Amino acid sequence: MRKSLFALFLSAVLLALCSDPRAEASFDPEAFAGPKIQDLYLVIIRDPDAQLLALDRGKVDILGDLHRPVDVDALSKNPAVDLSLASGFHGFFLGFNVRTFPWNSLELRRSAWQALPRERMVRDLFAGYAEPLATFLPPVSPYFEPDVTAYPHDPEAAKKRLAGAGWTWGSDGVLVSPDGRKIPPQKLLCPTASTAPTTAEIAVRMAEALTAIGIPVQAEPMDFSTMISRLDERDFQMYVLAWQMTRDPDSLYAFYSSKMDIRGGYNMPGISDPALDEVLDRLRFAPDETAARAAASEAQKLLSDLVPVVPVYSRYTISAVSKQWKGTLVTDRVTADNTWSLLAMEPASGPMRPLYLVQADEPRALNPFTSSSAYDWQVLGLIYDSLIAVDPYTLETIPWLAESWTIGTEAGPAGPRTVLTFRLREGVEWHDGKPLTAADAAFTYETLKKNAVPRYFDNVDNIDTVETPDDRTLKVTMKNVSFWHLHRVGGISILPRHVIEKVNDWRSWLPASEKHPSDPGLTGIVGTGPFVFREYRPGEYVRLSGNERFWLGRKR
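Residues numbered from 1 in each chain as written. Predicted model: local features only at pLDDT ≥ 70, side-chain atom pairs only at ≥ 80, totals over all residues. Heavy atoms only, no water.

### Notes on the overall build of the chain
Here is step 1: A count of helical and extended segments in the chain gives 17 helices and 23 strands.
Here is step 2: The C-alpha atoms of the chain give a radius of gyration of 24 Å, which matches the 24 Å a tight globule of 556 residues would have.
Here is step 3: By its C-alpha atoms, the chain is 70 × 65 × 45 Å across when sized along the principal axes.
Here is step 4: Contacts in the chain between residues at least 24 apart in sequence constitute 71% of all its contacts with a sequence separation of at least 6. (Helix = DSSP H or I, 4+ residues; strand = E, 2+ residues; numbered from the N terminus. Rg over C-alpha atoms; globule rule 2.2 N^0.38 Å. Contact = heavy atoms within 4.5 Å.)

Below you can see the structure in the form of structure tokens.
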């Protein structure tokens, strides 16, 4: 019964999306001039049952990232909420620390993949709203490559693979390497069941499956922020982690290039392979889309041979919104809990009131330099803007802080190189009223490059020079040519020079706890985005207010 109700919900949503006339029209950002909301609370509720109860009782208005079938089933019968579903860029992986024994053994990693009952776990825990993932990009990605080496679930075949490679088993059933080293107990880092019950359950099942073939694994639940810190410091043996990837296959370079195996960098497993690096470099510097597709395909095939992580599943994105609100945007790529919705939402009737949105965990630092978790960027993404944005229907690039740009190629000392010239919008202001100029963007890029900030290393590493011929023109000359330079540079959140140049240590900066020097209503978090940071109360909420200076809102 539960599955049939869910299937009905899926069918209804997909049919509605397919018949949405807006999907055929060109997207007009100015139709979302806002924000209309004056006060936005991101309410911190970790427990999924408590999140549902809060929505049911009208304590919150938006609940995103639904992933338990029982919750979706219950909400599909609730006449007070609207559900939305989209094919997401989500991917969930089991990772290994391949720098050290035992996970520096390729045959052990391949055998671990084969030992995992991924299809059964996905079927049992997600009841149809997720699918097993067999490669390193989600199926919705335009660069998804399905023709890769497969490791179907077969524990006996996994044992034969290990025996063939010289592994043996001790009297206690634990594997011993060909050079006589017994695998020590392995800890599998995962979030707690109270925060992420499905992930915690998967970690337990993985540990059982791996132990059954002789790898002694035990799940180690912990606070999510602590877990991310352990991963950043490379203090782990194994982990499970979900990623929200993007329209571009740049995650392949970020996650698996040896150049990204730096403290805080995204190559957490520490994979380092010259052939893979060569392909990833070709992907990174692809001159056109054809070359990019070929390199992305080859990289996925190589990764399936090297197994730095095991792809486990990709799931749909599902969110619920109270029908007391109107103005949401839903496409087959985004659910209702998106920034476009937050720009346009207003009460379905009656006067304006605060909007309450569930935040499933605490932000770590709210530091735009170091924050890498989705919980930090659920907040920061509403405050800081970049030069370009993404069409929610087509995923194509659209103007944002830059109203236009040109892409050129010129001869450089080391060969051809891309030149990006952006024209910034006129009249954009920071939250404290100072004007946004090209100097802000230039200082942002130069600061990120000078300090080799890990989160942005991939974006700025190939910037050669940045020039500002005038306050609205930004010329970025790259060291080389790449199809992706526009997305990498234009997608960086622009930070205010007058704030950032006074930061002594970007790593330890806590802008949410700093007072703004001239505006008592602000902190060190000053952006140009649609919402203004006001307050963070740990364990309770993050409070934002609508930005009355927001350039798009002033068009109303």
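### Some words on the environment of Ala286
Here is step 1: Within the secondary structure, Ala286 is located in the loop between helix 10 (274-284) and helix 11 (289-306).
Here is step 2: The sequence separation of Ala286 and Val481 amounts to 195 residues, and the corresponding C-alpha distance is 7.6 Å.
Here is step 3: If we ignore the near neighbours within four places in the chain, the residues touching Ala286 are Ala291, Ala292, Ser482, Phe483 and Trp484.

### Notes on the nonpolar core
Here is step 1: Counting 101 residues, the largest nonpolar core has Leu94, Met206, Leu252 and Tyr256 as its most contacted members.
Here is step 2: In this structure, this core is formed jointly by two domains, domain 1 (28-61 + 324-384 + 513-555) and domain 2 (88-314), each of which donates at least three residues.
Here is step 3: In this structure, Tyr256 is in contact with Phe93, Phe136, Ser251, Asn267, Ile271, Leu276, Asp277, Leu280, Leu303, Pro308 and Val309, ignoring residues within four places of it in sequence. (Core = buried A, V, L, I, M, F, W, Y, C linked by side-chain atoms within 4.5 Å. Buried < 20%, exposed > 50% of the residue type's maximum accessible area, 1.4 Å probe, protein only. Domains from an automatic or database assignment.)

### With respect to the packing of helix 5 (residues 118-126) against helix 7 (residues 197-212)
Here is step 1: At their nearest, the axes of helix 5 and helix 7 sit 11 Å apart, and the two run at 150° to each other. In terms of orientation, helix 5 and helix 7 fall into the roughly antiparallel class. For the crossing formed where helix 5 meets helix 7, the hand is right-handed. Between helix 5, through Met121, Asp124, Leu125 and Phe126, and helix 7, the contact on the second element is made entirely by Thr198, Glu201, Ile202, Arg205 and Met206.
Here is step 2: Grouping the constituent residues of the contact of helix 5 with helix 7 by class yields five nonpolar, one polar and three charged. (Axes fitted to C-alpha atoms, helices over the stretch in contact; angles between N-to-C directions. Parallel < 35°, antiparallel > 145°, perpendicular 65-115°, else oblique. Left-handed = near helix turned anticlockwise from the far one by under 90°. Nonpolar A, V, L, I, M, F, W, Y, C, P; charged D, E, K, R; others polar.)

### Observations regarding empty space enclosed by the protein
Here is step 1: For the coordinates displayed, the defined rule picks out three cavities of 30 Å³ or more.
Here is step 2: Of the pockets and cavities examined, the second largest cavity occupies roughly 70 Å³.
Here is step 3: Surrounding the second largest cavity, Phe93, Leu94, Gly95, Tyr239, Trp243, Phe255, Tyr256, Tyr266, Met268, Pro269 and Val309 form its lining.
Here is step 4: Mapped onto the lining of the second largest cavity, the elements with two or more residues apiece are strand 4 (90-96), strand 10 (238-244) and helix 9 (250-256).
Here is step 5: The element best represented in the lining of the second largest cavity is strand 4, accounting for three residues.
Here is step 6: The class makeup of the residues in the lining of the second largest cavity is ten nonpolar, one polar and no charged. (1 Å grid on protein atoms, 1.4 Å probe; cavity = no way out; pocket = protein on both sides within 12 Å on 5 of 7 lines; lining within 4 Å. Points joined across faces, edges and corners; volume = space filled by probe spheres on them.)

### Some thoughts on the packing of helix 4 (residues 106-115) against helix 11
Here is step 1: Relative orientation of the contacting elements helix 4 and helix 11 amounts to 100°, with a least axis distance of 8 Å. Our classification of the angle between helix 4 and helix 11 gives roughly perpendicular. Side by side, helix 4 and helix 11 meet where Leu106, Arg109, Arg110 and Trp113 of the first sit next to Ser304, Asp305 and Leu306 of the second.
Here is step 2: Residues belonging to the contact of helix 4 with helix 11 are distributed by class as follows: three nonpolar, one polar and three charged.

### Let's talk about the pattern of salt bridges
Here is step 1: A full pass over the atoms with the stated rule returns 38 salt bridges.
Here is step 2: Linking Asp235 and Arg230 is a salt bridge whose minimum nitrogen-to-oxygen distance equals 3.1 Å.
Here is step 3: Residue Asp235 is classed as partly exposed on the basis of its relative accessible area of 42%.
Here is step 4: According to the relative accessible area criterion, Arg230 is partly exposed, its value standing at 23%.
Here is step 5: The salt bridge involving Arg472 is made with Glu426; its shortest N-O contact spans 3.8 Å. (Salt bridge = Lys/Arg side-chain N within 4 Å of Asp/Glu carboxyl O.)

### Some words on the UniProt feature "domain: Solute-binding protein family" (unreviewed entry) in the chain
Here is step 1: Within the UniProt annotation, "domain: Solute-binding protein family" (unreviewed entry) is assigned to residues 35-258 and 397-553.
Here is step 2: For residues 35-258, helix accounts for 35% and strand for 21%, while the C-alpha atoms at its two ends are 42 Å apart.
Here is step 3: Along residues 397-553 one finds 17% helix and 32% strand; the C-alpha atoms at either end are 21 Å apart. (UniProt positions renumbered as here; feature names shortened; annotations may be inferred.)

### Looking at helix 7
Here is step 1: Between the first and last C-alpha of helix 7 there are 23 Å, a value that for 16 residues agrees with the 22 Å anticipated at 1.5 Å per step.
Here is step 2: Downstream of helix 7 by one or two residues, Gly214 has phi in the positive range, about 110°. (Expected span 1.5 Å × (residues − 1).)

### Quick word on the packing of aromatic side chains
Here is step 1: Here the structure, examined in full by the defined rule, presents 28 aromatic pairs.
Here is step 2: Between the aromatic rings of Trp113 and Tyr151, the centroid separation amounts to 4.7 Å while the plane-to-plane angle is 35°, which identifies the pairing as tilted. Taken as a pair, Trp113 in helix 4 and Tyr151 in the loop between strand 5 (130-132) and helix 6 (155-164) lie far apart in primary sequence, 38 residues in all. Each member of the pair Trp113 and Tyr151 is classed as buried.
Here is step 3: With 4.4 Å between their ring centres and 40° between their planes, Phe126 and Tyr313 make a pair best called tilted. You can see Phe126 sitting in helix 5 and its partner Tyr313 sitting in strand 11 (residues 309-315), a full 187 residues away along the chain. Across this residue pair, the class does not change: Phe126 and Tyr313 are buried.
Here is step 4: Ring pairing ties together the aromatic residues Phe27, Phe32, Trp340, Tyr393, Trp400, Phe550 and Trp551, which thus form one cluster. (Phe/Tyr/Trp six-rings, centres within 6.5 Å; stacked < 30°, edge-to-face > 60°.)

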